[in-house]
Amino acid sequence: MERNDSGDSRQYWEETSKEYQSVTRISINDFHYGPLLPGDSQVKALPEKLEGLRCLELGAGAGQNSLFLASQGAECLVTDISEEQLSHGEVIAKEEGLKLKFKQLDLDEIDPEALGEWDFIHSTWALPFAEDQKSVLQKCAAMLKIGGRLHMTTGHPVFAGEWIQLDDYEEGMFVSNYFEPPREVRFTKDESSFIRTRQYPISTYINWLIELGFKIEKVLELKPLELELLNGDELLKCMPYDSDVWREMYPQIQKVPFVVTYIATRVS
Ligand SMILES: C[S@@+](CC[C@H](N)C(=O)[O-])C[C@H]1O[C@@H](n2cnc3c(N)ncnc32)[C@H](O)[C@@H]1O
């Protein structure tokens, strides 16, 4: 597939980063799985011992998840295609006195030999931007130590449908083709660049992971927190990824998961 079939991720994210980081409230005090979802302080899916763990984050944005892991004593490398995104993370790391490494890296150009071995590889909603998602997972397998853990949070294929009003009382997601969901196209404000994302069926990811030598530990389809039951302070503590735009979409993500997380251990 030609790179320009998927748009230009780098240009799109360099242009979009400032807005993304200013409208999205992403905590560094917890590990997030996606918008309005509980953080790992409640989900409890991270490896038990974080101190000294060698962690690699792919498509990290500013790397708030890595910043959290580093605050718990992990050794973290934060990677993303966008230098703007990474420099936002570098500022936070400096402010917080946290030591992490940052590296500009395209998911489609990972060189396992150059990056070395890791105990934990994690990524939150970046895989759908890669041209060759299976190859990204294959390289994750190559970079993980045996027994190492992968947390791959990606777009849920059912959410790639269209939200429709059925009648006065009912609305829901219309999925025209689960096996080949339509690709989402996003443009920058001035329409000078765009990106296209791709979702695959859940069974495709699971079978890829098994084929690549992983044991699936858990698949998470998390429900958002009950916004109306929590006050502002509670929300700040337990919901590490939030924005006004996502709050407007709360009725939708209460019914259909926006993300799915594959948690897997490399066994061979
Ligand atoms: C929706 S944001 C998520 C960022 C971060 N993981 C978070 O949870 O805040 C998607 C990220 O993927 C990055 N990205 C997009 N295409 C990429 C690629 N081909 N290689 C590496 N990163 C990419 C973008 O720059 C952006 O930071």
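Everything numeric here is computed off the predicted structure, so don't read it as measured data. Within any chain, residue numbers begin from 1 and follow the written order of that chain's sequence. For this predicted model, a pLDDT threshold of at least 70 governs which residues receive local features, and a threshold of 80 or more governs which side-chain atom pairs are given and counted, while totals over whole chains, interfaces and linings are taken from all residues. The basis for every side-chain value is the complete set of non-hydrogen atoms in the structure, without hydrogens or water.

**Student:** For this particular structure, what's the right way to read a negative patch on the surface?
**Tutor:** Together, Asp8, Glu15, Asp190 and Glu191 give the surface a local cluster of negative charge. Helix numbers and strand numbers start at the N terminus; a helix is a DSSP run of H or I with at least 4 residues, a strand a run of E with at least 2. Relative to the helices and strands, Asp190 resides in the loop between strand S9 (184-187) and strand S10 (194-197). Three exposure classes are used, based on accessible area relative to the maximum for each residue type with a 1.4 Å probe and protein chains only: buried under 20%, partly exposed in between, and exposed over 50%. You can call Asp190 exposed: its relative accessible area is 56%. To count toward a patch, a residue needs a relative accessible area over 30% and no salt bridge; like charges are then connected within 9 Å, while nonpolar side chains (Val, Leu, Ile, Met, Phe, Trp, Tyr) are connected within 5 Å. A 1.4 Å probe and the Shrake-Rupley method give the accessible areas. Residues count as covered only by the protein chains that appear here. One side-chain nitrogen of Lys or Arg within 4 Å of one carboxyl oxygen of Asp or Glu is enough to make a salt bridge. Note that His is not counted, nor are the chain ends; the positive residues are Lys and Arg, and the negative ones are Asp and Glu. Just so you know, the charge point we use is NZ for Lys, CZ for Arg, CG for Asp and CD for Glu.

**Student:** Even after reading the chapter, I still don't get the pairing of strand S5 (residues 118-124), so can you show me in this structure?
**Tutor:** Regular strands place side chains that alternate from one sheet face to the opposite one. The buried count for S5 comes to 7 of 7 residues, which makes it a mostly enclosed element. Only strands joined by at least two bridges in the DSSP assignment are considered to pair. Pairing of strand S2 (residues 54-57) with S5 involves 3 bridges; the strand directions are parallel. Counted as the bridge partner of Leu56 is Ile121 from S5. At this point the chain moves from S5, through helix H6 (residues 133-143), to the parallel strand S6 (residues 144-155), and the crossover so formed is right-handed. Handedness of a crossover is defined as follows: with both strands directed away from the viewer, a clockwise route from the first strand across the helix to the second makes it right-handed.

**Student:** Would you mind showing me how to read the UniProt feature "domain: Methyltransferase" (unreviewed entry) in the protein here?
**Tutor:** Residues given the UniProt feature "domain: Methyltransferase" (unreviewed entry) here are residues 56-148. Secondary structure across residues 56-148 divides into 40% helix and 26% strand, with the first and last C-alpha atoms of the span separated by 11 Å. UniProt positions are given in the numbering used here, feature names are shortened, and annotations may be inferred rather than shown by experiment.

**Student:** Mind showing me how you'd approach the packing of H6 against helix H7 (residues 202-211) here?
**Tutor:** Working note: a packed helix pair is described by the angle between its axes plus the distance between those axes. It is at 10 Å that the axes of H6 and H7 come closest, and there the two elements cross at 35 degrees. In the crossing of H6 with H7, the sense of the turn from one axis to the other is right-handed. Contacts between H6 and H7 involve Gln133, Lys134 and Leu137 from the former and Tyr205, Trp208, Leu209 and Glu211 from the latter. Amino acids outside the nonpolar list (Ala, Val, Leu, Ile, Met, Phe, Trp, Tyr, Cys, Pro) and the charged list (Asp, Glu, Lys, Arg) are all regarded as polar, and Gly is one of them. Considered class by class, the residues forming the contact of H6 with H7 number 4 nonpolar, 1 polar and 2 charged. Interaxial angles span 0 to 180 degrees and are taken between N-to-C directions of axes, which are lines fitted to C-alpha atoms, for helices over the stretch in contact. Take the far helix as your reference; a near helix turned counterclockwise from it by less than a right angle gives a left-handed crossing, and one turned clockwise gives a right-handed crossing. Contacts: residue pairs with any heavy atoms within 4.5 Å of one another.

**Student:** Even after reading the chapter, I still don't get the site of the ligand, so can you show me in this structure?
**Tutor:** Residues are classed as near a molecule or strand on a simple rule: at least one heavy atom within 4 Å of it. Around the ligand, the surrounding shell holds 20 residues, and the nearest of these are Tyr20, His32, Asp80, Gln85 and Leu107. Coverage of the ligand by the protein chains reaches 98% of its 590 Å² of free accessible surface. The dominant element in the shell around the ligand, judged by the number of residues it contributes, is helix H1 (residues 9-23), at 3 residues.

**Student:** Would you take a moment to explain the nonpolar core for this structure?
**Tutor:** Tyr33, Leu69 and Leu100 are the most contacted members of the largest nonpolar core, which totals 49 residues. Put simply, the parts of the chain that give this core at least two residues each are H1, helix H3 (64-71), strand S3 (75-80), helix H4 (83-96), helix H8 (232-238), helix H10 (250-253) and strand S13 (259-266). Looking at which element gives the most residues to this core, the answer is H3, with 4 residues. Among buried residues, those of type Ala, Val, Leu, Ile, Met, Phe, Trp, Tyr and Cys that are joined through side-chain atoms within 4.5 Å constitute a nonpolar core.

**Student:** For this particular structure, what's the right way to read the pattern of salt bridges?
**Tutor:** Opposite charge on two side chains makes pairing possible when the charged atoms of those side chains draw close. Evaluation of the coordinates by the stated rule reveals 11 salt bridges. Here Glu75 and Arg54 are joined by a salt bridge, their closest N and O atoms 3.8 Å apart. One end of the pair, Glu75, is in strand S3; the other, Arg54, is in strand S2, and 21 residues separate them in sequence. Here Arg186 makes a salt bridge to Glu184, at a shortest N to O gap of 3.1 Å. Residue Glu184 is classed as partly exposed on the basis of its relative accessible area, which comes to 34%. In the salt-bridge network here, residues are joined through shared partners; they are Arg25, Asp242, Asp244 and Arg247.

**Student:** Hey, could you run me through unusual backbone geometry in this one?
**Tutor:** Across the chain, the bulk of peptide bonds are trans and the bulk of non-glycine residues have phi less than zero. A positive phi angle is found at Lys44, which is not glycine, with a value near 55 degrees. Secondary-structure assignment places Lys44 in the loop between helix H2 (40-43) and S2. Of the residues examined, Lys44 reaches a relative accessible area of 61% and is grouped as exposed. The phi dihedral of Glu191 is positive, around 60 degrees, even though this residue is not glycine. By relative accessible area, which is 58% here, Glu191 ends up exposed.

**Student:** Before we go on, may I ask you to explain H3 in this structure?
**Tutor:** Since the α-helix turns once every 3.6 residues, residues separated by three or four places project in the same direction. Within H3, 7 of the 8 residues are buried, leaving the element largely enclosed by the surrounding structure. Looking at H3, one finds that the buried residues are Gln64, Asn65, Ser66, Leu67, Phe68, Leu69 and Ala70. Each element contacted by the buried residues of H3 is listed here: H1, strand S1 (25-26), S2, S3, H4 and S5. Following H3 by one or two positions, Gly73 has its phi on the positive side, about 100 degrees.

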